[in-house]
Structures are given as structure tokens and as C-alpha cells.
Amino acid sequence: MMGWNSNHEFNNPFRSKDGSDYDSTLDERLHLNEDWSCNQKLFSLRKGFIETVKLDAKRVLEVLRQDGPGLDARLVLDELHIRPSGLLVREREAYRHTANSYHLIMNIYAECEEFKALWRLVDEMIEKGFPATARTFNILIRTCGEAGLAKKLVEKFIKSKTFNYRPFKHSYNAILHGLLVLNQYKLIEWVYQQMLLEGFSSDILTYNIVMYAKYRLGKLDQFHILLDEMGRNGFSPDFHTYNILLHVLGKGDKPLAALNLLNHMRETGIEPTVLHFTTLVDGLSRAGNLDACKYFFDEMKRNGCMPDVVAYTVMITGYVVAGELEKAQEMFHEMISREQVPNVFTYNSIIRGLCMAGKFDEACSMLKEMETKGCSPNSVVYITLVSCLRNAGKVADAHEVIRHMMEKGKYAHLLSRFKGYKM
């Protein structure tokens, strides 16, 4: 339920409260008691080293992408005269791969659809004494395109005696969480039933995941049964439970009930955040109640919550879908004035709104504007603009956008979708 995607949809109700990644700070790496100028020098040296390694890695990858018949990749790599570093290669004497390095390569194999190599690496990792973890499962489940394969993988992990499911309560929770990320709602139901049959108990995470799955499958009666059961078993709604409930109420067009729930949250000591308000506004937007959307958007600000780029994008998209371009543009300008930087999904909504209003020149200008401001268009932006232009009979303009896309060296695979276009 939280996590913006190209379909204007919240995917994951279990995002961190502030949406941030907790990276270690530079101050923890440098000696704080040393002179500031010395720290600056250390920082510059470290930054220069990292940039050099990144550049070398990029050059290596460019060669590897060209690999094919007639290319001696090893000879070309030798001619680059790159000095290997510990960050670039890991083939030093006595070096032992870590679980993280195995998972990194597994991710690469998964992206390249090299499934046999992926499974060989899993076997090697386990043979080297690294147990399969929740992260391992998350990588592997992504490769299971068919439901039958996914179920077999789940069964394998359920039966595994070496599955390190920590920090989750038990293996079923680790598996349920992995399936949630991939929107495998029917499989979540099946795993939950297996969990109950094996005598494992639910905790708040289990209930949140299964309730969300029931909601997405349209089984609201079972959703409410689980909610009542959760209370009877002594579990109070947490941050994520309220997030789910607010979206359910919003999509059900029940703004008064949502307002009462927000007040109840405060009474129980959970202060609603930008995340909660955005989830509610998203649901109400889908229900077509834009007046209620605006009320809760303003209520968010009255409660001291500064709307972020996702909150603004939800409002903008709601107005665009309703055909209210002027209000969408007003919201777009407001977010910029409040120093919220539009992202690719914000621009896509505005471009779509301009096309719906027949303002194709402005839509094409918006494409150029986002690029000049450092926001790279994704495939959805190009598909949106090209489709709208072609549907309006502006084939030459559509082909110009496609040429522009190809010049950028991106999304060549989309050409098959643009029938009639010739290189």
C-alpha cells in the first residue's frame, strides 16, 4: 500500500515510517577528534577513490556488454590498464565471499534471467556454509513466473532445515513478506493456510500481510474476520494496520469513518503521518471523491505534516484522472514552491493531463523540461506521450518523440510497441 509505481498505486504498506534508508554517516568513518581540514582532505581522497573505482567498473561493464563472437573481451580489458581494487574484483588470495556478495551476483543472474547459473550459485553458497535467508528467498521467488513454480519454491523453503528466517518470527512470516513484495496474494492465502495447519501462530506482521492480501483479492468479509480475530488474540492495530484500514475506508468512499479512525489513532498514541494521510487520499481519489481528497490533504498540513512528492503526485493524478487539469497544474506549481521536487511519476501525470486536454505542444515541452531538471523519463512516460500523440493523429510528433528516445539510447525494446515507426 505504500510505494509509488507507474500505475498510480501503493504497493507496500510496510515501508519505513519516514521512507528513508539508514546509511551510516561519514562522521562515523572519520576520526571526529581530528582537525576539520584534515577530515576534509580524507573525505576528498576517499571520494576520489570511490569515483575512480566507479568509473573503472563502468568501463569494464561497457566491454562486457559488447561480448560476443569475434570479441576477445580479456584482451580488450587488458588494454584498459585498470588497476584492480578490492571493490572492483574479489579474487584475492584467501578472500572468502560474503553472503552479501552471493546475493549481489544472484540479483544480477536474476535480472539477466540466467536461472541455471542462479541456482548453481545458491547451491555453492549453502555448501560454503551460508544458509539461505529471507533475502535469498526474495531473489529466487522473483524468478518464478508460473504460480506452480512459485508454490514449489515456497514448499522447498518451508521444509528446509537450514533456512535462516531471522529477523522474522518464523519461516512462514519471512515467506509471506517476500510474497507481499511481489503482490502474490493468492499464494499468501495458501502459505497462511499451511502455517495454520502446522500449528504456527500469527503475530501482528502475519495479520497485516494476510489482511492486505484479502483486501486486494476483494474478500472484505474475510478481511474483517481477521481484523476481529487479531483483536481477540490481544494484538492492537499498529502503524501499518492503520495504514491498510485508511486505504480501505478511502477506497470505500467513507471519509467520515476515516476521520474517526484518525482521531482514534491519536487517542491510542499513534500520530498520523504523511504516509497515513497519503494512503487515505489515494483511496478517496480512486473512489472519485476529490473534495474529500482536498480536505484531508489540507488536514495533513494543518496537523504539521509536510506533504512529500508522493502526496502531491497522488493529488495531481487524481485531478488529471477527473479531467481537472487546471487544479492539477496548481498543485504542481504549489509543490515546486514548497521545494518538493517532482519525480518521473509526477511528470507522467502532468504530461497525460496535458494530452487529455489536447495541449500536445505543452506535453512535449514538459518532456524536455523534466530532462533539463535531471529527471530521466521512464518507459511509461514515453508510452504515454507517444500513444496520446498517435491517437490524436499527430504521427510525425510521435515519431519525433521516439527518435528522441532512441537518441538517448533507452528503451529500444519499446519499438515493437510503436507500430509503423521505421528507424
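Residues numbered from 1 in each chain as written. Predicted model: local features only at pLDDT ≥ 70, side-chain atom pairs only at ≥ 80, totals over all residues. Heavy atoms only, no water.

Draft legend 1. Here's a closer look at the overall build of the chain. When helices and strands are counted, the chain shows 21 helices and zero strands. The buried share of the chain, reckoned over its 423 residues, is 41%. Restricting the contact set of the chain to residue pairs at least 6 apart, pairs at least 24 apart contribute 57%. (Helix = DSSP H or I, 4+ residues; strand = E, 2+ residues; numbered from the N terminus. Buried < 20%, exposed > 50% of the residue type's maximum accessible area, 1.4 Å probe, protein only. Contact = heavy atoms within 4.5 Å.)

Draft legend 2. Inspection of the packing of helix H4 (residues 99–111) against helix H5 (residues 115–127) at higher detail. Direction vectors running N to C along H4 and H5 enclose 165°, while the axes themselves pass 8 Å from each other. Between H4 and H5, the interaxial angle falls into the category roughly antiparallel. Viewed along their axes, H4 and H5 form a crossing whose handedness is left-handed. For the pair formed by H4 and H5, the contact residues are Tyr-102, His-103, Ile-105, Met-106, Tyr-109 and Ala-110 on the first element and Phe-115, Ala-117, Leu-118, Leu-121, Val-122, Glu-124 and Met-125 on the second. The class makeup of the residues in the contact of H4 with H5 is 11 nonpolar, one polar and one charged. (Axes fitted to C-alpha atoms, helices over the stretch in contact; angles between N-to-C directions. Parallel < 35°, antiparallel > 145°, perpendicular 65-115°, else oblique. Left-handed = near helix turned anticlockwise from the far one by under 90°. Nonpolar A, V, L, I, M, F, W, Y, C, P; charged D, E, K, R; others polar.)

Draft legend 3. Molecular detail of the confidence of the model for the chain. Across the chain, the average pLDDT comes to 81, with 74% of residues at or above 70. Of the regions scoring below 50 in pLDDT, residues 1–43 engages in 80 contacts with residues more than four places distant in sequence or in other chains. (pLDDT = per-residue confidence, 0-100.)

Draft legend 4. Examining the environment of Tyr-212 more closely. Mapping Tyr-212 onto the fold places it in helix H10 (residues 204–216). Separated by 11 residues in sequence, Tyr-212 and Phe-223 place their C-alpha atoms 7.7 Å apart.

Draft legend 5. Looking closely at helix H17 (residues 325–337). Over its 13 residues, H17 runs 18 Å from end to end, which matches the ideal 18 Å to within 8%, given 1.5 Å per residue. Along H17, the residues classified as buried are Leu-325, Ala-328, Met-331, Phe-332 and Met-335. Burial along H17 is one-sided: seen end-on, the buried residues are contained in an arc of 125°. Exposed residues pointing more than 90 degrees away from the buried face of H17 are listed as Glu-326, Glu-330, His-333 and Ser-337. (Expected span 1.5 Å × (residues − 1). Arc of directions from axis to C-beta.)

Draft legend 6. Quick peek at a nonpolar patch on the surface. A surface patch of nonpolar side chains, amounting to about 250 Å² of accessible area, comprises Leu-104, Ile-105 and Ile-108. Mapped onto the secondary structure, Ile-108 falls in helix H4. Classification of Ile-108 as partly exposed rests on a relative accessible area of 43%. (Patch = residues over 30% accessible without salt bridge, like charges linked within 9 Å, V, L, I, M, F, W, Y side chains within 5 Å. Areas by Shrake-Rupley, 256 points an atom, 1.4 Å probe, with all protein chains shown as cover. Salt bridge = Lys/Arg side-chain N within 4 Å of Asp/Glu carboxyl O.)

Draft legend 7. Geometry of the packing of aromatic side chains. This model, assessed by the stated rule, comprises 10 aromatic pairs. A ring pair is formed by Phe-137 and Phe-157, whose centres lie 5.1 Å apart and whose planes are at 70°; its orientation type is edge-to-face. In this pair, Phe-137 is assigned in helix H6 (residues 134–142) and Phe-157 in helix H7 (residues 147–159), connecting sequence segments 20 residues apart. Here Phe-137 falls in the buried class, since its relative accessible area comes to 0%. (Phe/Tyr/Trp six-rings, centres within 6.5 Å; stacked < 30°, edge-to-face > 60°.)

Draft legend 8. Region of the structure containing unusual backbone geometry. Positive phi outside glycine occurs at Asn-183, with the angle close to 60°. With respect to the helices and strands, the residue Asn-183 is situated in the loop between helix H8 (171–181) and helix H9 (185–197). You will see that Asp-253, though not glycine, has its phi angle at about 55°, which is positive. Topologically, Asp-253 is positioned in the loop between helix H12 (239–251) and helix H13 (255–267). Overall, the relative accessible area of 37% leaves Asp-253 in the partly exposed class.

Draft legend 9. Just the pattern of salt bridges, in detail. Under the definition given, this model contains 13 salt bridges. Residues Lys-301 and Asp-298 are paired through a salt bridge, measuring 3.7 Å at the closest nitrogen-oxygen approach. Residue Lys-301 and its partner Asp-298 are located together in helix H15 (residues 290–302), separated by three residues, close to a single helical turn. Measuring nitrogen to oxygen at the nearest pair gives 3.5 Å for the salt bridge that ties Arg-338 to Glu-334. Exposure remark for Arg-338: the relative accessible area of 37% places this residue in the partly exposed category. Salt bridges here are not isolated pairs; linked through shared partners, they connect Lys-294, Asp-298, Lys-301, Glu-334 and Arg-338.

Draft legend 10. Local environment of the nonpolar core. One finds Val-154, Leu-179, Ile-188, Ile-351 and Leu-385 to be the most contacted residues of the largest nonpolar core, which totals 105 residues. Among the elements that line this core, the one with the most residues is helix H16 (residues 309–321), at nine residues. What Ile-188 contacts, discounting residues up to four positions off in sequence, is Leu-176, Leu-179, Leu-180, Ile-209, Val-210 and Ala-213. (Core = buried A, V, L, I, M, F, W, Y, C linked by side-chain atoms within 4.5 Å.)

Draft legend 11. The arrangement of H16 in detail. In a regular helix each residue adds 1.5 Å, so 13 residues correspond to 18 Å; H16 covers 18 Å between its end C-alpha atoms and thus fits that length. Burial analysis of H16 places 12 of its 13 residues in the buried class, which makes it a mostly covered element. Buried within H16 we find Val-309, Val-310, Ala-311, Tyr-312, Thr-313, Val-314, Met-315, Ile-316, Thr-317, Gly-318, Tyr-319 and Val-320. On the buried face of H16, the contacting elements are helix H14 (274–286), H15, H17 and helix H18 (344–356). At the N-terminal end of H16, a side-chain oxygen is found 3.2 Å from the backbone nitrogen of Val-310, two or three residues along, and the residue is Asp-308. Phi turns positive, to about 80°, at Gly-323, one or two residues after H16. (Polar contact = N/O pair within 3.5 Å; in protein donor to acceptor, adjacent residues only side chain to side chain.)

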